[in-house]
Amino acid sequence: EPEREQEYEREPDRGPMAAPGSYRVSLAQRVDGTTTQLAGPIPFKVVSLGLQTLSAPDQEALLAFQQKTARLQRAVLGALDATKDALTRAKLLQKSLFNAPGADPKLMDQARTLQVQLDSALVDLRGDRVMRERNENTPPSIVDRVDQVVGGSWSATAAPTQTQRDQLALASALFAEELPKLRSLIAGELRRIEEAAEKAGAPWTPGRLPDWTPEP
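Residues numbered from 1 in each chain as written. Predicted model: local features only at pLDDT ≥ 70, side-chain atom pairs only at ≥ 80, totals over all residues. Heavy atoms only, no water.

Asker: Let's hear about the overall build of the chain: which residues, and what values?
Answerer: When you go through the chain residue by residue, the secondary structure sums to six helices and two strands. Listed by position from the N terminus, the elements making up the chain come as α-β-β-α-α-α-α-α. When the 216 residues of the chain are sorted by exposure, 30% land in the buried category. A sequence separation of at least 24 residues applies to 69% of the contacts in the chain between residues at least 6 apart. Of the roughly 14200 Å² of accessible surface on the chain, a fraction of 54% belongs to carbon and sulfur atoms. (Helix = DSSP H or I, 4+ residues; strand = E, 2+ residues; numbered from the N terminus. Buried < 20%, exposed > 50% of the residue type's maximum accessible area, 1.4 Å probe, protein only. Contact = heavy atoms within 4.5 Å. Areas by Shrake-Rupley, 256 points an atom, 1.4 Å probe, with all protein chains shown as cover.)

Asker: Which residues make up the environment of Asp 211, and what values go with them?
Answerer: Position of Asp 211 among the secondary structure elements: in the segment after α6 (162–199). The exposure class of Asp 211 is exposed, given its relative accessible area of 63%. In this structure, the C-alpha to C-alpha distance between Asp 211 and Gly 201, residues ten residues apart in sequence, is 9.1 Å.

Asker: Mind laying out the packing of aromatic side chains, listing which residues take part and the relevant values?
Answerer: For any pair of aromatic rings, geometry is given as the distance between the ring centres together with the angle between the planes. For the coordinates displayed, the defined rule picks out zero aromatic pairs. Sitting over the ring of Phe 65, Arg 165 keeps its end group 5.6 Å from the ring centre. (Phe/Tyr/Trp six-rings, centres within 6.5 Å; stacked < 30°, edge-to-face > 60°. Lys NZ or Arg CZ within 6 Å of the ring centre and 35° of its normal.)

Asker: Go over a nonpolar patch on the surface, please, and point to the residues and values.
Answerer: On the surface, Val 25, Ile 42 and Phe 44 cluster together to form a nonpolar patch covering roughly 260 Å² of accessible area. Structurally, the position occupied by Ile 42 is in strand β2 (residues 34–46). On the accessibility criterion, Ile 42 (47% relative accessible area) is partly exposed. (Patch = residues over 30% accessible without salt bridge, like charges linked within 9 Å, V, L, I, M, F, W, Y side chains within 5 Å. Salt bridge = Lys/Arg side-chain N within 4 Å of Asp/Glu carboxyl O.)

Asker: Please provide a residue-by-residue account of helix α3 (residues 105–126), values included.
Answerer: Here α3 is 22 residues long and its end C-alpha atoms lie 32 Å apart, about the 32 Å a rise of 1.5 Å per residue gives. Within the span of α3, buried status applies to Leu 107, Met 108, Ala 111, Leu 114, Gln 115, Leu 118, Ala 121, Leu 122, Leu 125 and Arg 126. Angular distribution of buried residues about the axis of α3 spans 135°; they occupy a single face of the element. Of the exposed residues in α3, those oriented more than 90 degrees away from the buried face are Pro 105, Lys 106 and Val 116. Where α3 starts, the residue carrying a side-chain oxygen 3.0 Å from the main-chain nitrogen of Lys 106 turns out to be Asp 104. Directly beyond the C-terminal end of α3, a positive phi value near 95° is found at Gly 127. (Expected span 1.5 Å × (residues − 1). Arc of directions from axis to C-beta. Polar contact = N/O pair within 3.5 Å; in protein donor to acceptor, adjacent residues only side chain to side chain.)

Asker: Outline the packing of helix α2 (residues 59–98) against helix α5 (residues 142–153), supporting the account with residue identities and numerical values.
Answerer: As a packed pair, α2 and α5 sit with axes 10 Å apart at the nearest point and diverge in direction by 145°. For the pair α2 and α5, the sense of crossing is left-handed. From α2, Phe 65, Gln 66, Thr 69, Leu 72, Gln 73, Val 76 and Leu 80 reach across to α5, where they touch Ile 142, Val 143, Val 146, Val 149, Val 150 and Ser 153. Residue composition of the contact of α2 with α5, by class: nine nonpolar, four polar and no charged. (Axes fitted to C-alpha atoms, helices over the stretch in contact; angles between N-to-C directions. Left-handed = near helix turned anticlockwise from the far one by under 90°. Nonpolar A, V, L, I, M, F, W, Y, C, P; charged D, E, K, R; others polar.)

None of the figures reported here should be taken as evidence of function without further support.
In structure tokens form, the structure reads like this:
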């Protein structure tokens with residue numbers, strides 16, 4: 001896996017810093033599916049120590065920008081994982097169809113084409129890791145752009161820079177173009193080929209629920 005994706009897996013869950021304001025905290029425990037309230041909710045206030053050299057004049061606007069970034073990051077990383085899973089399913093599907101004498105030979109070609117399309121989608125999402133491994137310059141991917149905004153703004157008290165705003169807007173626009181394509185490939189084409197493979201009696205592959213009825 002690329003170093004960036006390994007870092008995402010190693011990092012604990014985190015988000016933007018809490019903005020100054022009033023909050024409540026409570027404590028509960030969950031044992032064998034039963035949740036028991038232990039303490040709270042207790043109100044408390046978060047205040048700024050005033051030590052920052054660059055402070056955003058509008059803290060609510062800063063938090064809104066950070067939350068907008070978080071929503072985009074969630075969607076982009078979710079799409080990335082879904083695409084990697086679909087690519088694995090497409091590869092296994094080709095092996096399954098190869099071992100299904102009753103399957104239409106065109107299905108193998110369609111599964112292979114789907115794999116190429118999913119590979120291309122991964123490049124759009126996370127960049128060309130083959131070129132990067134050869135130390136070749138590659139254009140920033142959607143994940144790169146989101147990562148830059150997250151790294152530069154989530155731990156900052158200053159207002160987002162224009163560069164960060166531009167990066168977020170561009171990443172959003174690129175992802176808005178990419179997501180419908182992924183939905184068509186994964187929820188449409190992949191599912192269609194899997195259903196055809198099931199009808200042809202191809203060996204089971206991940207992502208497929210076998211079609212079976214009791215026999216007398």
